[in-house]
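Per-entry structural report
Given next are the chains, with one letter for each unit.
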Amino acid sequence: MSYSQNWDLDTIYPGGIDSPEFQTKLTTLANQIANFSRAVSNYDLKQDQPDYQELARLTSQAQTIESGLGTVNVFVTALISADYTNPEYRPYDAKIQQLMVTYQAPLDTFSRRLATLSEADFHDLIHLPAFFDIAFHLSTLRKRAQHLLAPANEDLVNQLRLDGLKGWSSHYDTIASTLSLPFTDENGQTSTISAGQALNFLDGYPDAKVRANLLDQYEQMWTKAEPLTADTLNHLAGARLTEQKAHGYQDVLEEPLALNHMSKATLQAMWQVVDHNKEMFKPYFARKAELLGLTGIGWQDQVAPLNQIGDYQPAPQDYDTVANFIVQNFAKFSPKMAAFAQNAFDNHWLEVEDRPGKQPGGWMESVPDKKESRIFLTFTGSVNDAATIAHELGHAFHSDTLKDLPLWRDDYAMNIAETASTFAELLIADANVAATDSDAEKVVLLDAKMTNSVAMFLNIRARFIFEQAFYQERQAGYVPAKRLNELMDQAQQEAFGGILTKRHPHFWSAKLHFFIDDVPFYNFPYTFGYLFSLGIYAWAKKQPNFEAAYIDLLRDTANMSTEDLAKKHLGVDLTQPDFWQAGADLVKADIDQFMDLSTQFIK
């Protein structure tokens, strides 16, 4: 069959932004938030015999509101992503952000109510049937209450966030959506492309000279924009630092670690292993440069596709073929994953068409009210596309395994969120390699698989190093664009171990992730999820009933700390380097296979 490359949003709210159902939902949410606010204000847990039935009703109300907010938010986000330059959607995005801020005040009050309970009383509470499934989330809310300001002050911070953190993040989107640059292909034909299209070409364009020239043009474009993006990044970071200080966070990493339910010891153990193993990429990149006919690897070449190996030349991938391949190979590990993916393709949950005007990058978001998901990316036909689609489907399958549980059992952290996605990606990458008997094709596919390893060990590491250095300097004052370029250049040199012959100093300006408002340090969770998924992948192959064991793990991801999850399901200690090194060893095995098979193709 032929699958649509455009998603269906009408099953969420028919008629686009003017949908009567969407407008009604916004009004309903405002009323629900007002009712919840009154109910929480009148509720007192400190009385001798607190009304736990009322508390159960409040948790139900809160989850209904959050489900609705999640649904309207993904609806508008989807419209914006698919039509990035259309200003019509921005006011609705702002309205939803205001609803979220309005809801935050009574939720904070609810958290404070939980914090009034003694440890013994809270322990008894979370073991009652009404609260057992959401105990970890209630505990998280209770801990968060320790960082809250006085109600009036906290409400003011939440309101100011609209024109602070959130405002600056939105401002970056506006800047990026207006940028374009000239692009000249290998035939000398010049056209104007968007920033998003340029990013796709930098990663996947087959001609090395075109990529190198494009990076120069890309740098020039971001150089012109740097006065605006440097202001935006500085003000966003300044707002975040001010909030963190007000809330009593002692270190810039304390909040993101809490959001990811992981310890600093785990983070340090992971980065220690990543840094220790970066040298293994040097022979891989040297060989890739030889295969590409280059003297070295520049930023624009790190994930560039191998166009021709021996007599083998990769043909553009067909979307329908890729979709069927994913379903078939998911089924080898999990029939439920396969059935889920088939349903997503059949019911038009994916927006993949390659066209101007789309937002750069890709994402998956759940649609809580519908128990569905939507996936956004751009399908270019490259050998990497199957793994990319599988990645987003992995995210969606993770959410699907939790859809019968309360919403507060679906609130898993970003680091764990990247686990199911990367696992699905690994399945498809390995299936691609296993599906061919051609050494040349295996070399191409192993190289495509290595793009993930390169990103997680080197690219993400550079982002983390940059962001740590930037936030340290930002605490002392404004960091100008020139210094931001220096910090990024230094971070890339350190993370890549001097491998790159050409770097991308404006990466801080070009990368959307640095400007995301709701998750500070939007980088290390990716590497965590990648290495964690490698451990799960090795574990999965030893399980007599993998599917059931894997789903059990996924269903616990919003129910305990990261360390407890790994201990319970994998029997490992994440604060020690052994687990992380086992993942690095799997990457080294891929590099060794790539080196062995590619030797015959060196001229």
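Look up a bit, the structure's there.
To keep things clear, this report deals only with the structure shown in the data block. (Residues numbered from 1 in each chain as written. Predicted model: local features only at pLDDT ≥ 70, side-chain atom pairs only at ≥ 80, totals over all residues. Heavy atoms only, no water.)

**Digging into the overall build of the chain**
Quick reminder of the rule: Comment: elements are numbered from the N terminus, with helices defined as DSSP H or I runs of at least four residues and strands as E runs of at least two. In this setup the radius of gyration rests on C-alpha atoms only. A globule is expected at 2.2 Å times the number of residues raised to 0.38. Burial here depends on accessible area, computed with a 1.4 Å probe over protein chains only, as a share of the maximum for the residue type. Under 20% is buried, over 50% is exposed, and the range in between is partly exposed. Two residues form a contact once any of their heavy atoms are found within 4.5 Å. Computed with the Shrake-Rupley method and a 1.4 Å probe, the accessible areas treat only the protein chains shown as cover for residues. For the purpose of counting charges, residues Lys and Arg are taken to be positive, whereas Asp and Glu are taken to be negative. His and the chain ends are not included. We put the charge of a Lys on NZ, of an Arg on CZ, of an Asp on CG and of a Glu on CD.
Check the secondary structure of the chain and you find 23 helices and seven strands. Relative to the 2.2 N^0.38 estimate, which gives 25 Å for 603 residues, the radius of gyration of the chain is 24 Å and therefore close to what a compact globule would have. Once the C-alpha set of the chain is aligned to its principal axes, its extents read approximately 85 × 55 × 50 Å. Taking all 603 residues of the chain together, 58% fall into the buried category. For the chain, the proportion of contacts with a sequence separation of at least 24, taken over those separated by at least 6, is 76%. With an accessible surface of roughly 24,600 Å², the chain has 49% of that area assigned to carbon and sulfur atoms. Between the mean site of the 49 positive side-chain charges and the mean site of the 78 negative ones, the chain shows a separation of 3 Å.

**Brief notes about the environment of W271**
Considering the arrangement of structural elements, one finds W271 in helix α11 (residues 264–276). C-alpha separation for the pair W271 and F464, spaced 193 residues apart in sequence, amounts to 9.8 Å. Beyond its immediate stretch of four places on either side in the chain, W271 contacts M456, I460, R461, F464, F524 and T527.

**Some points on the side chain of S19**
Just so we agree on the cut-off: We call two N or O atoms a polar contact when they sit within 3.5 Å, provided that within protein one can donate a hydrogen and the other can accept it, with sequence-adjacent residues counted only if both atoms are side-chain atoms.
Structurally, S19 is set in the segment before α1 (20–41). For S19, a relative accessible area of 0% translates into the label buried. Reaching out from S19, the side chain makes a polar contact with the side chain of E21 at a distance of 3.1 Å. Dropping the residues within four chain positions of it, S19 is found in contact with Y13 and P14.

**Quick word on empty space enclosed by the protein**
Basically, it comes down to this: Method remark: on a 1 Å grid restricted to protein atoms, a set of points is classed as a cavity if a 1.4 Å probe fits but cannot get out and as a pocket if it is open with protein on both sides within 12 Å along at least five of seven lines; lining residues have an atom within 4 Å of a point. Grid points are joined across faces, edges and corners, and a volume is the space filled by probe spheres set on the points. Amino acids are sorted into nonpolar (Ala, Val, Leu, Ile, Met, Phe, Trp, Tyr, Cys and Pro), charged (Asp, Glu, Lys and Arg) and polar (every other residue, Gly among them).
Across all of its chains, the model carries two cavities of 30 Å³ or more by this definition. One number sums up the size of the largest cavity: a volume of about 60 Å³. What lines the largest cavity is S194, G196, Q197, N200, D354, R355, P356, G357, K358, Q359, P360 and T378. Per element, the largest residue contribution to the lining of the largest cavity is three residues, and it comes from helix α8 (residues 195–204). Class assignment for the residues of the lining of the largest cavity results in two nonpolar, seven polar and three charged. The computed volume of the second largest cavity comes to approximately 30 Å³. Lining the second largest cavity are R463, E467, K511, H513, F514, Y522 and N523. The residue makeup of the lining of the second largest cavity, split by class, is two nonpolar, two polar and three charged.

**Some points on the sheet that holds strand β6 (residues 372–376)**
Worth spelling out the cut-off: Here, strands pair whenever DSSP counts at least two bridges between them. Axes, fitted as lines to C-alpha atoms, cover a helix only where it is in contact. Angles between the N-to-C directions of the axes lie from 0 to 180 degrees.
The three strands lie next to each other as β4-β6-β5, forming an open sheet whose pairing is mixed. Looking at strand neighbours, the two that pair on one side only are β4 (350–351) and β5 (363–367), the edges of this open sheet. By the bridge criterion, five bridges tie β5 to β6 in an arrangement that is antiparallel. Paired with S366 across the two strands is S373, which belongs to β6. On top of the sheet, helix α15 (residues 385–400) reaches β4, β5 and β6; it is set at about 25 degrees to β5, its chief contact.

**Side note on the nonpolar core**
Selection criterion: Throughout this description, the term nonpolar core refers to a set of buried Ala, Val, Leu, Ile, Met, Phe, Trp, Tyr and Cys residues connected via side-chain atoms within 4.5 Å.
Formed by 198 residues in total, the largest nonpolar core has its most connected members in F110, F281, F330 and F345. Element by element, the count of residues in this core is highest for helix α17 (residues 439–474), at 18 residues. Not counting residues within four places of it along the chain, the set of residues in contact with F330 comprises M337, A338, A341, A390, L393, A424, L427 and I428. L402, Y412, A417 and A558 belong to the second largest nonpolar core, which has five residues in total.

**Focus: unusual backbone geometry**
Even without being glycine, H261 reaches a positive phi, approximately 50 degrees. Counting through the fold element by element, H261 comes out in the loop between α10 (254–259) and α11. Accessibility expressed as a relative area gives 19% for H261, which makes it buried. Positive phi, normally seen in glycine, also occurs at H348, with a value near 60 degrees. Secondary-structure assignment places H348 in the loop between α14 (335–346) and β4. Given a relative accessible area of 32%, H348 falls into the partly exposed group.

**Here's the deal with the packing of aromatic side chains**
The geometry of two aromatic rings is summed up by the distance between their centres and the angle between their planes. Worth spelling out the cut-off: Under the pairing criterion, centres of Phe, Tyr and Trp rings, with the six-membered ring standing for Trp, must be within 6.5 Å; the plane angle then separates stacked pairs below 30 degrees from edge-to-face pairs above 60, leaving the rest tilted. Here, a charge over a ring means that NZ of Lys or CZ of Arg falls within 6 Å of the ring centre while also lying within 35 degrees of the ring normal.
Using the criterion set out here, one finds 47 aromatic pairs in the structure. When the ring centre of F122 is taken as reference, the NZ or CZ atom of R142 above it lies at 4.6 Å. Positioned above the aromatic ring of F376, the side-chain terminus of K358 is 4.8 Å from the ring centre.

**Here we look at the pairing of strand β1 (residues 180–184)**
What you see with β1 is a clean split: L181 and F183 sit on the buried side and S180, P182 and T184 on the side with no burial. Note that β1 and strand β2 (residues 190–194) share five bridges and pair antiparallel. Bridge pairing links F183 to S191 in β2. In this structure, the hairpin formed by β1 and β2 is closed by a connection of five residues, where G188 is found at a positive phi of approximately 85 degrees.

**Some details on the side chain of S334**
Relative to the helices and strands, S334 is located in the loop between α13 (319–333) and α14. What makes S334 buried here is its relative accessible area of 1%. Of the polar contacts made by the side chain of S334, one reaches the side chain of E547; its length is 2.6 Å. Apart from the residues lying within four places of it in its own chain, the contact partners of S334 are F397 and E547.

**Things to note about the packing of helix α4 (residues 119–126) against helix α5 (residues 135–145)**
Note the threshold: Angle categories: roughly parallel below 35 degrees, roughly antiparallel above 145, roughly perpendicular from 65 to 115, and oblique for all the rest. Should the near helix be turned anticlockwise from the far one by less than a right angle, the crossing is termed left-handed; should it be turned clockwise, right-handed.
Direction vectors running N to C along α4 and α5 enclose 150 degrees, while the axes themselves pass 10 Å from each other. The orientation of α4 with respect to α5, classified from their angle, is roughly antiparallel. Our pair here, α4 against α5, has a crossing hand that is right-handed. Contact with α4, carried on its side by E119, F122 and I126, involves A135, L138, S139 and R142 of α5 and no other residues of that element. Split by residue class, the contact of α4 with α5 holds four nonpolar, one polar and two charged.

Fair warning: the whole summary comes from geometry, so function is off the table for now.
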